[in-house]
Amino acid sequence: MAQGNGQAAVASAAQTVGEQLRESPALQAAIRAAVEEVRAKNAQITGPRGAIEGRAESYQSFMDRAAAARGRGLLYPYLGSGAGNGALVELMDGSVKWDMIGGIGVHFFGHGEPELIETAMLASTEDTLKHGNLQSGFGAYEFLEALLEQAKKSSRLAHGFVTTSGAMANENSLKVCYQKHAPASRVIAFKDCFMGRSVTMCQIGDSDAGRVGIPLTTQVDYMPFYDEVAAERMGATKFIDMAVSHLEQYIERYPKQHACFIFELVQGEGGFNVGTRDYFKALMDCCKANNIAVWDDEIQSFGRTERMFAYELYDLGDYVDVFCVGKMTQACATLFTEQYNPQGGLLSGTFTGASVEFAAGKRIIERLAEGGYYGSDGRIAQHHAAFRAEVKKLAAKHPQLFPKVAQSADIVGGIGGMCRFTPFGGAKDKIMKACHTLFDAGVLVFYCGHGPYHLRMLPPLGVMKLEDWPRVFEKVEEGLLKVGA
């Protein structure tokens with residue numbers, strides 16, 4: 001008996017206290033019980049509904065407090081209660097809405113997902129909330145390993161650096177490009193691109209409203225994004241030749257001064273615009289011939305096309321030198337090839353992220369890889385087809401809501417889990433009004449584009465069912481009819 005106890009003590013001593021904690025049956029049982037309680041409560045949320053009677057006044061008081069703390073009113077009267085079920089979210093007034101924007105692309109697995117809650121609860125038992133470059137647990141590197149394992153399948157990306165936001169992932173991407181191509185100081189980006197809200201990124205982003213009052217110190221040259229209507233009118237070859245000529249003019253005007261060309265292979269804020277492989281390849285070939293880094297920004301598009309990475313969709317992985325990701329992955333990261341691995345000291349920062357972010361992000365990447373999402377018959381392709389069918393059905397029923405959009409090829413567009421449609425001819429005032437009327441009707445959407453403007457959805461396809469689409473569009477129809485009236 002004494003010998004058995006001694007062996008158990010040796011086995012226990014061979015484990016760290018952290019390992020003992022994570023493997024504790026008592027802790028695991030407590031977490032499972034908590035997750036089951038959350039699941040049972042969230043299961044009461046089965047469809048959209050209005051506010052609970054008598055809660056309007058208290059909800060307004062919370063809205064007022066939020067506005068006072070923030071310094072201005074909220075764009076939407078949205079304050080979550082902390083409960084939700086898949087694609088449905090409950091607000092603090094008790095109302096329930098279809099969440100078709102997912103925190104602008106963060107909540108791919110919706111609300112109250114039991115497995116991710118369990119993953120997060122276990123991660124939250126670590127000794128600190130945040131990890132950093134100087135002191136980090138291994139979770140940050142497990143997340144990075146999982147991301148790199150998928151990225152390496154069809155690219156030369158070899159290493160990465162995790163960080164706290166998409167804007168910081170972009171900042172780090174730019175630093176890597178600058179260092180590699182010093183003293184080159186110019187960048188090339190697409191018209192209508194969006195890069196984030198930092199001082200540098202708002203200068204690169206093609207939005208005047210996003211940089212009001214900001215000194216313009218970053219030198220940016222803008223290229224046209226692929227234009228389906230123009231390419232059809234001119235012919236695809238002539239359109240591509242024109243774009244390459246445009247790029248060559250910049251290179252000739254500023255020889256050896258461009259550090260990188262930033263490619264959003266699917267534009268997000270710019271309008272869910274989609275290009276072609278031939279178009280991107282021609283521009284990337286020109287970059288390679290002139291020693292300009294190819295930087296692929298997939299912060300919004302990652303995981304949402306018919307392949308996990310948009311560069312896979314277009315078979316362009318061999319061209320990519322620097323890559324950044326965020327939103328759906330919870331933690332954010334900049335990846336780079338061996339040739340672009342920066343010198344020590346360039347990338348750092350106090351925080352890299354939280355234990356929960358890394359654990360959940362790792363599990364999300366694993367679920368994307370194993371969940372049947374990708375390919376021409378994958379779940380994402382099926383959902384996009386269902387979305388398009390609902391828009392076409394709505395337009396056929398109410399043609400007055402969908403006048404022809406002169407600057408666009410169709411009233412419905414996007415790709416995969418990036419869904420956009422264009423009622424009211426893309427008129428800005430009506431699109432903005434529609435965002436609010438749909439909110440009131442029970443559907444959360446947002447806008448994108450720059451004339452025409454579009455309504456966009458980033459639906460939680462990790463949990464959404466195909467049969468949910470008609471239910472969502474019942475509320476879309478209700479909201480659009482109010483605007484049309």
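Just so we're clear, the structure is a prediction, and the values are computed from it rather than from any experiment.

A. Representation of the sheet that holds strand β13 (residues 412–415). Read from one edge of the open sheet, four strands run β13-β14-β17-β16, paired in antiparallel fashion. Two strands close off the open sheet at either side, each with one partner strand: β13 and β16 (446–449). Shown here is a sheet whose adjacent strand axes are inclined to one another by a mean of 35°, direction ignored. Of the strand pairs in this sheet, strand β14 (residues 418–421) and strand β17 (residues 453–457) are connected by three bridges, and their pairing is antiparallel. Residue pairing across strands places Cys419 opposite Met457, the latter belonging to β17. The strands touched by helix α15 (residues 379–397) are β13, β14 and β17; relative to β13, the strand with the most contacts, the crossing angle is about 170°. Packed onto the sheet, helix α17 (residues 468–484) meets β14 and β17 and runs at close to 150° relative to β17.

B. Expanded view of the nonpolar core. Residues Met457 and Leu480 are the most contacted members of the largest nonpolar core, which totals 112 residues. The contacts of Leu480, once residues within four sequence positions are left out, are Leu394, Leu401, Phe402, Phe421, Pro423, Phe424, Ala434, Leu438 and Leu455. Formed by 26 residues, the second largest nonpolar core is a distinct cluster that contains Ala169, Met195, Ile299 and Tyr340.

C. Region of interest: the pattern of salt bridges. Enumeration according to the criterion identifies 23 salt bridges in this entry. With a shortest N-O distance of 2.5 Å, Arg363 and Glu115 are connected by a salt bridge. Of this pair, Arg363 sits in helix α14 (residues 355–370) while Glu115 sits in helix α6 (residues 114–123); the two residues are 248 residues apart in sequence, bridging distant segments of the chain. Through salt bridges with shared partners, a single network forms among Glu113, Glu115, Lys362, Arg363, Glu366, Arg367 and Glu370.

D. Spotlight on the pairing of strand β9 (residues 293–297). Of all the five residues making up β9, five are buried; the element is thus mostly covered by neighbouring parts of the structure. Burial along β9 is two-sided: Ala293, Trp295 and Asp297 facing one way and Val294 and Asp296 facing the other are all buried. With four bridges connecting them, strand β8 (residues 258–263) and β9 associate as parallel partners. Across the sheet, Phe261 pairs through a bridge with Val294, a residue of β9. For the crossover that starts at β8, traverses helix α12 (residues 277–289) and ends in the parallel β9, the hand is right-handed. For β9 and strand β10 (residues 322–325), the ladder comprises three bridges, and the chain directions are parallel. Its bridge partner lying in β10, Asp296 is registered against Phe323.

E. Summary view of the sheet that holds strand β6 (residues 186–190). Strand order in the open sheet formed by seven strands is β5-β11-β10-β9-β8-β6-β7, and the pairing between neighbours is mixed. Lying at the two open borders of the sheet, with one neighbouring strand each, are β5 (157–163) and β7 (219–223). Here the average twist between neighbouring strands, direction ignored, is 20°. Of the strands in this sheet, β6, β7 and β8 touch helix α11 (residues 236–253), which is tilted by about 160° from β7. Each of β6, β7, β8 and β9 touches α12; the most contacted strand, β8, lies at about 165° to it.

Here is what the cut-offs are and how they apply
Residues numbered from 1 in each chain as written. Predicted model: local features only at pLDDT ≥ 70, side-chain atom pairs only at ≥ 80, totals over all residues. Heavy atoms only, no water. Pairing = 2+ DSSP bridges. Helix = DSSP H or I, 4+ residues; strand = E, 2+ residues; numbered from the N terminus. Axes fitted to C-alpha atoms, helices over the stretch in contact; angles between N-to-C directions. Contact = heavy atoms within 4.5 Å. Core = buried A, V, L, I, M, F, W, Y, C linked by side-chain atoms within 4.5 Å. Buried < 20%, exposed > 50% of the residue type's maximum accessible area, 1.4 Å probe, protein only. Salt bridge = Lys/Arg side-chain N within 4 Å of Asp/Glu carboxyl O. Right-handed = clockwise from strand over helix to strand, strands pointing away.

In short, the description is geometric, and any link to function would need to be established separately.
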